[in-house]
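Observations on chain architecture
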Amino acid sequence: MTKLKGNGVSSGIAIAKVHQFKLNNMFAMNKYATDKAFEIKRLGDALYKADKELENLTKQAEERIGVEHAQIFSAQQMMINDPEMIKNAHVKINDFNLDAAYAFKQTMSEMIDMFELSDNPYIKERISDLEDISNRVLHILSGKTHSLYVFNEDVILVATDLVPSETINLDTTFIKGIVIEKGSKTSHSAILARNLGIPAITGVDVSKIHHDTLAIIDGHTGDILLEPSEDTIKTYQTKQQEALKLQSTYETIKDLKTATIDNHEVHLAANIGVDLDIQEALDANASGIGLLRTENQYLESDDFPTEDELFIFYEKVATSFETNEVTIRTLDIGGDKNLSYLNMRKELNPFLGNRAIRYSLSYPSLFKTQLRSILRANTHQNIKVMFPMISTLKELMDAKKILDETYQALKIEGHEVNYPKIGMMVEVPSAALGIEKFLPHIDFISIGTNDLIQYMFAADRMNERVAYLYQPYNPILLSTIKSMIDKTNKHGIIVSVCGEMAGHKAQSLLLIGLGIKHLSMHANLILENKYLISKTTYKALEEIAEKALLLDHPYEVEALINTYIKGLKY
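Computed from a predicted model, the values in this text were never measured in an experiment. (Residues numbered from 1 in each chain as written. Predicted model: local features only at pLDDT ≥ 70, side-chain atom pairs only at ≥ 80, totals over all residues. Heavy atoms only, no water.)

**What about unusual backbone geometry?**
We apply this condition: The rule is simple: take the accessible area with a 1.4 Å probe, protein chains only, and divide by the maximum for that residue type; under 20% is buried, over 50% is exposed, in between is partly exposed. Helix numbering and strand numbering both begin at the N terminus, where a helix is a DSSP run of H or I of at least 4 residues and a strand a DSSP run of E of at least 2.
Residues other than glycine seldom take positive phi values, yet E227 does so here, at roughly 50 degrees. Note on E227: relative accessible area 56%, which makes it exposed. Of note, the phi angle at N285 is positive, near 55 degrees, even though the residue is not glycine. Topologically, N285 is positioned in the loop between α10 (276-283) and β10 (289-293).

As structure tokens, this is what we get:
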């Protein structure tokens, strides 16, 4: 048996033979043409037909995966009607006598090359959309048609890449899993796989996975097992059945409040970043939005988004959750998140550099544009504003001052605006240790455990040589969190956790035992955590947390909570 490791992007287990997915996207075409007017018309007709195909594909996607996710294809419609793209193709036909297909192929290749040069991962992931559009139009110009890729036996589809239209057109009757070399959890193919209910893994060298090989994939862990033994197959078949039963059980408690057996209530909110996340959070019956990552609107754009563009998204989220609170974190760029159009200065250590609130305070006009859109969107009075990576009291007060100025300016302009609740992320040890200094000036705090752990132990968790120092079970970290909880309780301040610990089953139970009542996580983790919480008692979690604080080593804490979970009827 051979084991490979990738990135799990759509949970679930698949057991089937591998099918290497290879589409022939080679198109015979002439380089030059003599009738320019004919080629212009031929291209126009092909673009029109492609637009209609995408319109039908959008409707098909709406039926299969819902309106929100079908926007992947309506976005492609906008791309295919881009005047600049059409103009560039026309120039190649008119000025260089190129054939319509060749001119379009060259135009799209130039756009793809430009996207490839970007350091922005979100822009890079849009390359699949450009390739999808290119293939569609070239199919039409060559006289070929797209066909459904049909199977008559269970398969795990293995491909270098899958563009969105290929993914949505897959016959899912027999496709039990997908392994893709390219893409990430936010790529369109991954999003579609999740919503089609297909386990998927990315980031694997697919040349190592041969056609017709029996394989097992675990979309949660990212494990790929090739030529597994009979015992391994039986183990994973049992896991499949258990997962199916649990998923059905999760659905039965979706509309119930989240509480322990002894009626200790916990609020499970969702972390979101893009439009597509809204419906997932609603489907999971999230108790609001605990973290709206606003940087995605900037990362996905090739220029600063306008106030109105930001406002539309914020208002949509606030309206979708009008009976619950929506926590909007202001722009958090820097570190590993840079904007290609900002030409941000290279820093020796960007995680300790001009990032998050530091960046916003450096550019108050940019900051005010975002704050204006947030304040205008607060029509339901359910929006909370959260400042990221606050290190000193002065930073907090400076940020609040700019918010106040923005609020007053909107009032003077005649806008009816509602002042939001104000909070801060606790990600820096100075804020965690000195939290009492900040509490008189805020309404809530949210602990960002990812960065807090990284900064507390001075270790880059993405650096494999020091990754062992990323220790969510470390008693020192837990004591720091407990101290913050005790201090915030004295001031009547709500404290939540929105980092990875919040969605991790064992770690979330530790946090609840420490006194956390508000957790925010990816929407697809909410129901599972809700179910697990319903099998616990708060009294037992409190006792475990008290014991954990007295231990010396992280592995002891981890063993303590995992032993408790194993003893549950879960």
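**Thoughts on the environment of K394**
What counts is decided by this rule: Under the rule applied, a polar contact is a pair of N or O atoms within 3.5 Å (in protein, one hydrogen donor and one hydrogen acceptor; residues adjacent in sequence only if both atoms are side-chain atoms).
Within the fold, K394 resides in helix α15 (residues 393-412). Once the C-alpha coordinates of K394 and F438 are considered, the two residues, 44 residues apart in sequence, prove to be 9.7 Å apart. Here the side chain of K394 touches D398 through a polar contact of 2.7 Å, side chain to side chain.

**Considering the sheet that holds strand β5 (residues 175-180)**
Condition: Here, a strand pair is defined by DSSP locating no fewer than two bridges between the strands. The convention used is that axes are lines fitted to C-alpha atoms, helices contributing only their stretch in contact, and that angles between N-to-C directions extend from 0 to 180 degrees. Note on definitions: a residue-residue contact is assigned when non-hydrogen atoms from the two residues lie within 4.5 Å.
Taken together, the 8 strands give an open sheet; going across it, the order is β1-β8-β7-β3-β4-β5-β6-β2, and neighbouring strands pair in mixed fashion. What marks the edges here is a single partner per strand, and that holds for β1 (2-5) and β2 (7-10). Averaged over all adjacent pairs, the angle separating strand axes in this sheet is 30 degrees, with direction ignored. Bridging between strand β7 (residues 214-218) and strand β8 (residues 223-226) involves 4 bridges; their strand directions are antiparallel. The residue of β8 that forms the bridge with D218 is D223. Packed on one face of the sheet, helix α9 (residues 230-252) meets β3 (13-20), β7 and β8 and runs near 120 degrees to β3.

**Overview of helix α4 (residues 100-116)**
Helical geometry note: an α-helix holds 3.6 residues per turn, so side chains three or four residues apart project in the same direction. Cut-off, in case you're wondering: Under the convention used throughout, the expected extent of a helix is 1.5 Å for every residue step, that is, one less than its residue count.
Helix length check: α4 (17 residues) gives 24 Å between terminal C-alpha atoms against 24 Å at 1.5 Å per residue, within 8%. What α4 keeps buried is the set A100, A101, A103, F104, T107, M108, M111 and I112. The residue sitting at the N-terminus of α4 and contributing the capping side-chain oxygen is D99; that oxygen lies 2.9 Å from the backbone nitrogen of A101.

**A short note on the packing of aromatic side chains**
Inclusion rule: Here is the rule: rings of Phe, Tyr and Trp (six-membered ring for Trp) pair when centre to centre is within 6.5 Å. Planes less than 30 degrees apart are stacked, more than 60 are edge-to-face, and the remainder are tilted. Either the NZ atom of lysine or the CZ atom of arginine qualifies as a charge over a ring when it sits within 6 Å of the ring centre and within 35 degrees of the ring normal.
Within this structure, the stated rule accounts for 5 aromatic pairs. One Lys or Arg, R376, reaches over the ring of F311 and ends 4.2 Å from the middle of that ring.

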